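Take a look at the letters that make up each chain.
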Amino acid sequence: MTVILSANPTASASALRLRPWRAEDATALVTAHRDPLLRRWLTTSLVSEAEARRWIDEQNQGWADGVRFSFAILECGSDKNEVGDPVGHVVVKASVDPTSASAEVGYWTSATVRGRGIAPRALDVVSRWVLGSQRLMPLARLDLLHAVDNHASCRVAEKCRYALRSVLPAQPPAFPTEGHLHVRTRRNRLLRPESKQGQARYPSIHQ
Ligand SMILES: CC(C)(COP(=O)(O)OP(=O)(O)OC[C@H]1O[C@@H](n2cnc3c(N)ncnc32)[C@H](O)[C@@H]1OP(=O)(O)O)[C@@H](O)C(=O)NCCC(=O)NCCS
């Protein structure tokens, strides 16, 4: 089964299409991964097309196993057809605990399209789908984790109504700063921020 989602155009931005990654996206993936900001915040860095193809295969296996829903983000033309290469990524990763009703989201956009609200629009569409109609991975809650100094990621969480749930401790040396755990639930209820440190693992891999 191939899941394709879309976000409507806005007054200033074109429609988005979200579809599973394909082998032919490998070149665009490697190009996106050359960006220093992406390298700073992602734990996976794809340097060669062979690595990118392997990564795409893993995403497809995640779909097949029902444990990882990975979407390439594409901008659409006026006729809603995809235009150009993927400009970003949204992923939903199942918890390692099979009894858990929560999963974690991750995302990035290419350097050339940042600041146009693409990540929050794409994440919102995926969040609605995951917490709504889909039956592949029954979920009641989505977790979003980011380093406290990743302000752009925090803005994406806020724009997508992922409420700040707790501040997570740093885990040096790999992760020197504290993190934020944001949460969005099925009913979209805004959870009250907590000042105490949470129990969630931090940080996790956003790729
Ligand atoms: C975080 C990220 C996905 C945001 O994507 P986006 O499509 O630019 O999202 P937005 O357009 O809503 O911008 C979000 C914030 O990014 C910052 N921003 C704006 N223009 C920017 C630009 N040209 N370059 C970098 N950041 C920019 C702003 O703080 C903005 O918030 P604002 O709208 O309140 O001003 C993107 O910066 C990214 O890919 N970062 C690297 C990977 C990463 O950090 N992923 C998340 C890991 S937890």
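See the structure shown above.
Predicted model only: the values in this text are computed from it and were never measured.

A. How the structure looks around helix α5 (residues 151–159). Within α5 the residues assigned to the buried category are Ser-153, Val-156 and Ala-157. Seen end-on, α5 carries its buried residues on one side only, within an arc spanning 100°. For α5, the secondary structure elements touched by its buried residues are β5 (102–109), α4 (118–131), β6 (141–147) and β8 (179–185).

B. Here's a closer look at the nonpolar core. Counting residues in hydrophobic clusters, the biggest one holds 44 residues, and the most contacted among them are Ile-73, Val-90, Ala-122, Leu-123 and Val-126. No other element matches the eight residues that α4 contributes to this core. When residues no more than four places from it in sequence are discounted, the contact partners of Ala-122 are Ala-7, Leu-16, Leu-18, Ile-73, Gly-88, Val-90 and Tyr-107.

C. Up close: the site of the ligand. Surveying the vicinity of the ligand reveals 22 residues, the closest of which are Trp-41, Arg-114, Gly-115, Ala-119 and Ala-152. Elements supplying a minimum of two residues to the shell around the ligand: α2 (36–41), β5, α4 and α5. Looking at the shell around the ligand element by element, the count peaks at six residues for α5. Class assignment of the residues belonging to the shell around the ligand gives a composition of 10 nonpolar, eight polar and four charged.

D. Molecular detail of the sheet that holds β6. With respect to topology, eight strands assemble into an open sheet ordered β1-β2-β3-β4-β5-β6-β8-β7, the strand pairing being mixed. In this open sheet, the two strands that pair with only one neighbour each are β1 (5–7) and β7 (163–168). Going across the sheet, the axis of each strand differs from the next one's by a mean of 30°, ignoring polarity. Contacts between α4 and the sheet are confined to β1, β2 (16–19), β3 (68–76), β4 (82–94), β5, β6 and β8, with β4 contributing the most and set at about 50° to the helix.

E. Structural context of the pairing of β5. For β5, the buried fraction is high: seven of the eight residues fall into the buried class. The sheet contact formed by β4 and β5 spans seven bridges and is antiparallel. Residue pairing across strands places Val-90 opposite Tyr-107, the latter belonging to β5. In the sheet, β5 pairs with β6 via four bridges, with the strands oriented parallel. Residue pairing across strands places Ser-102 opposite Arg-141, the latter belonging to β6. As for the winding sense of the linkage, the β-α-β connection from β5 through α4 to β6 is right-handed.

Rules of the game
- Residues numbered from 1 in each chain as written.
- Predicted model: local features only at pLDDT ≥ 70, side-chain atom pairs only at ≥ 80, totals over all residues.
- Buried ≥ 20, exposed ≤ 12 C-beta atoms within 10 Å, placed from the backbone.
- Helix = DSSP H or I, 4+ residues; strand = E, 2+ residues; numbered from the N terminus.
- Arc of directions from axis to C-beta.
- Contact = placed C-beta atoms within 7 Å.
- Core = buried A, V, L, I, M, F, W, Y, C linked by C-beta atoms within 7 Å.
- Near = placed C-beta within 6 Å.
- Nonpolar A, V, L, I, M, F, W, Y, C, P; charged D, E, K, R; others polar.
- Pairing = 2+ DSSP bridges.
- Axes fitted to C-alpha atoms, helices over the stretch in contact; angles between N-to-C directions.
- Right-handed = clockwise from strand over helix to strand, strands pointing away.

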